[in-house]
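Listed below are the residues making up each chain.
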Amino acid sequence: MSDTLTRVADHKAHVAGLVGAMPVVESPVADCLGLVLAEDLVATVPLPPFDNSAMDGYAVRAADLASVPVRLPVVEDIPAGRAASAPLAAGTAHRIMTGAPVPVGADAVVQVEWTDGGTAVVRVDRPVVAGQNVRRMADDVAVGTTVLRAGVALGPAQLGLAAALGFGSLPVRRRPRVLVLSTGSELVGPGVPLEPGQIYESNGVMLAAAVREAGGEAELLRFVPDDVERFHAAIAPRLASVDLLLTSGGVSAGAYEVVKDAFTGRGVEFTKVAMQPGGPQGAGRYQGVAVATLPGNPVSAQVSFEVFVRPALRAAMGFSRVERPTAAARLSAPITSPAGRTQFRRGAYDPASGRVVTPVGGPGSHLLSALAVSNCLIEVPEEVTELAAGTEVAVRLLHGE
Ligand SMILES: Nc1nc2c(c(=O)[nH]1)N[C@H]1C(S)=C(S)[C@@H](COP(=O)(O)OP(=O)(O)OC[C@H]3O[C@@H](n4cnc5c(N)ncnc54)[C@H](O)[C@@H]3O)O[C@H]1N2
Ligand code: MOO
Ligand SMILES: [Mg+2]
């Protein structure tokens, strides 16, 4: 048995290299939230597509309102979605609604509040200048404009713009497909009373959610017992359709390390990384498929996901920034950390109250409830073993992109 530890950065690079860039696919615009645009998006129609009214009111010639009040016959009614049948003649008005095309011959819209609201004849009480309340064709986007660059992350506003320009689908890097598999003969599902030695399975639920939060697709396989044959039987039919196999449990030094037993000598390397939690790790390629094997302790599994797997998935999706945002914060309480290991302590960070971070729970990697009330990881470098209250530390924010 060797005590040589793998550096966090080295294991991270190993995992990152396993999941290649996802292929580019055409995806319906409505399904593209959180994906990365793979090619520049160039407008093929102008936005707005035609001159239209910014107000409910009357399309007029500004010159006809030189002296107000003035009465103008209302010749047409133009709701949104329809064009006027004839140009506007001098000395007349068309009733017009917001978004409706401004008729040829009109150069302004007077809002209904400045009139008596007449439908046959309208009395206009205030003048307008030419161009008033008219939204010009291409005011927002001209044909041929590159509106979104390849590499941009698609959020609601970007999808809205693409839809407004008439795009039904967009070229994006597809979501990585991840098979999440939790191992352990002690694991059971909800709704059954626990027999001695059993626990409710939680890593699978947590890791599948983490995959989805990262933008991936997760298929969840829970309750795979510590039995190598059953482990292989569980993954065999699914391997061909996934980009990453993500397991939890069965990788440390015990007698029933199913994941280690199933993969040792078969393309997956097992190691101990210089971090806490998340020491025992494995990564490699099995039958051509990327594999990351996370330790079973719940906090270890989740922290390892954050440190190693999430950045790899984000990179595969084409994001240029794959790391969570970090912040500088002051510790509200002292913490200790094992020598020679980067420690990721769970913390509650409050930017509003003087950028203070409060360590939550202890270092134990079974303390799931502390993880559930934390919003950041406090990163304590390898060489540091003690940090006093008030020390400035780097925190990794768990809810940002
Ligand atoms: N002799 C040594 N023992 C251990 C070492 C070591 O270096 N030498 N490392 C410890 C560390 S650190 C960790 S982390 C764990 C990792 O163990 P495994 O990956 O083999 O995980 P298991 O033994 O299967 O489980 C550990 C722990 O987590 C619970 N667990 C597992 N899966 C789930 C799940 N899906 N949902 C909820 N809880 C789960 C399991 O019941 C155990 O309590 O090894 C240490 N031991
Ligand atoms: O490294 Mo283990 O992940 O400390 O509990
Ligand atoms: Mg074990």
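Cut-offs used in this document
- Each chain has its residues counted from 1, following the order in which its sequence is written.
- The order in which chains are written sets their letters, starting at A; the order in which ligands are written sets their numbers, starting at 1.
- Residue-level local features of this predicted model are given only where pLDDT is at least 70; pairs of side-chain atoms are given and counted only at 80 or more, and the full residue set underlies all totals for whole chains, interfaces and linings.
- Each side-chain value is worked out from all heavy atoms of the structure, with water and hydrogens disregarded.
- For the purposes of this entry, the term helix denotes a DSSP run of H or I that reaches at least four residues, the term strand denotes a run of E that reaches at least two, and both are numbered from the N terminus.
- In this setup the radius of gyration rests on C-alpha atoms only. A globule is expected at 2.2 Å times the number of residues raised to 0.38.
- Only protein chains enter the area calculation, which uses a 1.4 Å probe; residues under 20% of their type maximum are buried, those over 50% are exposed, and those in between are partly exposed.
- We call two residues contacting when some pair of their heavy atoms lies within 4.5 Å.
- The method behind every accessible area is Shrake-Rupley, applied with a 1.4 Å probe, and residues are considered shielded solely by the protein chains displayed.
- Charge counting treats Lys and Arg as positive and Asp and Glu as negative, with His and both chain ends excluded.
- Note on charges: their place is set at NZ of Lys, CZ of Arg, CG of Asp or CD of Glu.
- Sodium, potassium and calcium take a 3.2 Å donor cutoff, other metals 2.8 Å, and in both cases only N, O and S atoms count; water is not among them, so sites may look incomplete.
- Think of it this way: one heavy atom of a residue within 4 Å of a molecule or strand is enough to make that residue near it.
- Identification of polar contacts relies on pairs of N or O atoms within 3.5 Å, with a donor-acceptor requirement for protein atoms, meaning one able to donate a hydrogen and the other able to accept it, and with residues adjacent in sequence counted only if both atoms are side-chain atoms.
- Amino acid classes used here: Ala, Val, Leu, Ile, Met, Phe, Trp, Tyr, Cys and Pro are nonpolar; Asp, Glu, Lys and Arg are charged; the rest, including Gly, are polar.
- Aromatic pairs are defined between Phe, Tyr and Trp rings, using the six-membered ring for Trp, whenever the two ring centres lie within 6.5 Å; interplanar angles under 30 degrees are classed as stacked, those over 60 as edge-to-face, and all others as tilted.
- Buried Ala, Val, Leu, Ile, Met, Phe, Trp, Tyr and Cys residues form a nonpolar core when they are joined through side-chain atoms within 4.5 Å.
- Patches were defined on residues exceeding 30% relative accessible area and lacking a salt bridge, with like-charge contacts within 9 Å and nonpolar side-chain contacts (Val, Leu, Ile, Met, Phe, Trp, Tyr) within 5 Å.
- Between Lys or Arg on one side and Asp or Glu on the other, a salt bridge is scored when a side-chain nitrogen of the former is within 4 Å of a carboxyl oxygen of the latter.
- Buriedness for pockets is judged along seven lines, at least five of which must meet protein on both sides within 12 Å for an open set on the 1 Å grid over protein atoms alone, while cavities are sets there where a 1.4 Å probe fits but cannot get out, and lining residues have an atom within 4 Å of a point.
- Grid points are joined across faces, edges and corners, and a volume is the space filled by probe spheres set on the points.
- All domain edges in this entry derive from an automatic or database-based domain assignment.
- Here, any two strands with at least 2 DSSP bridges between them count as paired.

Asks: Any chance you could break down the overall build of the chain for me, citing the residues and the numbers?
Replies: What the chain contains, in helices and strands, is seven helices and 27 strands. Taken against the 2.2 N^0.38 rule, which gives 21 Å for 401 residues, the C-alpha radius of gyration of the chain at 31 Å runs more than 25% over that of a compact globule. Once the C-alpha set of the chain is aligned to its principal axes, its extents read approximately 95 × 50 × 45 Å. Sorting the 401 residues of the chain into buried and exposed places 46% on the buried side. Counting contacts in the chain only where the partners sit at least 6 residues apart, residues at least 24 apart contribute 71% of the total. Counting every atom, the chain has about 18,200 Å² of accessible surface; 55% of that belongs to carbon and sulfur. If you average the places of the 33 positive and of the 39 negative side-chain charges in the chain, the two averages end up 1 Å apart.

Asks: If you had to explain the coordination of the magnesium ion (ligand 3) to someone new, which residues and values would you point to?
Replies: Ligation of the magnesium ion (ligand 3) by protein atoms is provided by Glu 257 (OE) and Glu 257 (OE), these donors lying 2.6 to 2.7 Å from the ion. Tracing the backbone through its elements, the reader meets Glu 257 in the loop between strand 16 (244-248) and helix 5 (258-263).

Asks: Give a detailed account of the site of ligand 1, specifying residues and quantitative values.
Replies: In the vicinity of ligand 1 there are 22 residues, among which Glu 186, Glu 201, Glu 257, Lys 272 and Gly 296 approach most closely. Contact distances for ligand 1 include 3.1 Å between an oxygen atom and a backbone N or O atom of Gly 250. Contact between ligand 1 and Val 251: an oxygen atom at 3.0 Å from a main-chain N or O atom of the residue. When ligand 1 sits alone it has 870 Å² of accessible area, and the protein chains cover 68% of it. Among the elements of the structure, strand 12 (177-183) and helix 6 (298-316) are those that each provide at least two residues to the shell around ligand 1. For the shell around ligand 1, the class distribution of residues is seven nonpolar, 11 polar and four charged.

Asks: Residues and numbers for the packing of aromatic side chains, please.
Replies: A complete count under the given rule lists two aromatic pairs for this structure. A ring pair is formed by Phe 231 and Phe 263, whose centres lie 5.4 Å apart and whose planes are at 80 degrees; its orientation type is edge-to-face. A residue pair is termed long-range when its members are at least 10 positions apart, and Phe 231 in helix 4 (residues 228-235) and Phe 263 in helix 5 qualify at 32 residues. Between the aromatic rings of Phe 263 and Tyr 286, the centroid separation amounts to 4.8 Å while the plane-to-plane angle is 50 degrees, which identifies the pairing as tilted. Of this pair, Phe 263 sits in helix 5 while Tyr 286 sits in strand 19 (residues 280-286); the two residues are 23 residues apart in sequence, bridging distant segments of the chain.

Asks: I'd love a proper account of the environment of Met 137, names of residues and values included.
Replies: As for its placement among the helices and strands, Met 137 is situated in the loop between strand 9 (134-135) and strand 10 (146-148). Expressed as a C-alpha distance, the spacing of Met 137 and Glu 392, which sit 255 residues apart in the sequence, is 54 Å. Ignoring anything within four residues of it in the chain, the contact list for Met 137 reads Pro 46, Pro 48, Pro 49, Phe 50 and Asp 51.

Asks: Please provide a residue-by-residue account of the nonpolar core, values included.
Replies: Counting residues in hydrophobic clusters, the biggest one holds 36 residues, and the most contacted among them are Leu 246, Phe 305 and Val 309. For this core, the secondary-structure elements that each account for two or more residues are helix 1 (8-18), strand 12, helix 3 (203-214), strand 16, strand 20 (289-294) and helix 6. Looking at which element gives the most residues to this core, the answer is helix 6, with 10 residues. Grouped together as the second largest cluster of nonpolar side chains are 20 residues, Val 29, Cys 32, Leu 35 and Met 317 included.

Asks: Give me the lowdown on a nonpolar patch on the surface, citing residues and values where you can.
Replies: Together, Val 192, Leu 194 and Tyr 200 make up an exposed nonpolar region whose accessible area comes to about 250 Å². Positionally, Leu 194 belongs in the loop between strand 13 (187-188) and strand 14 (199-200). Leu 194 gets classed as partly exposed once you look at its relative accessible area, which sits at 40%.

Asks: Can you lay out the layout of surface pockets for me, pointing to particular residues and giving the numbers?
Replies: Empty space within the second largest pocket amounts to approximately 260 Å³. Together, 14 residues line the second largest pocket, and Gln 302, Glu 306, Leu 371, Leu 398 and His 399 are the ones closest to its centre. Partitioning the lining of the second largest pocket into residue classes produces eight nonpolar, three polar and three charged. Residues lining the lining of the second largest pocket come from more than one domain, with at least three contributed by each of domain 1 (8-22 + 175-317) and domain 4 (326-397).

Asks: Run through the pairing of strand 19, naming residues and quoting values.
Replies: Most of strand 19 sits inside the fold, with five of its seven residues counted as buried. Pairing of strand 17 (residues 268-272) with strand 19 involves five bridges; the strand directions are antiparallel. Following the sheet pairing, Glu 269 is matched in strand 19 by Ala 283. Where strand 19 and strand 20 come together, five bridges link them in antiparallel fashion. Considered in strand 20, the bridge of Gly 282 is made with Thr 293.

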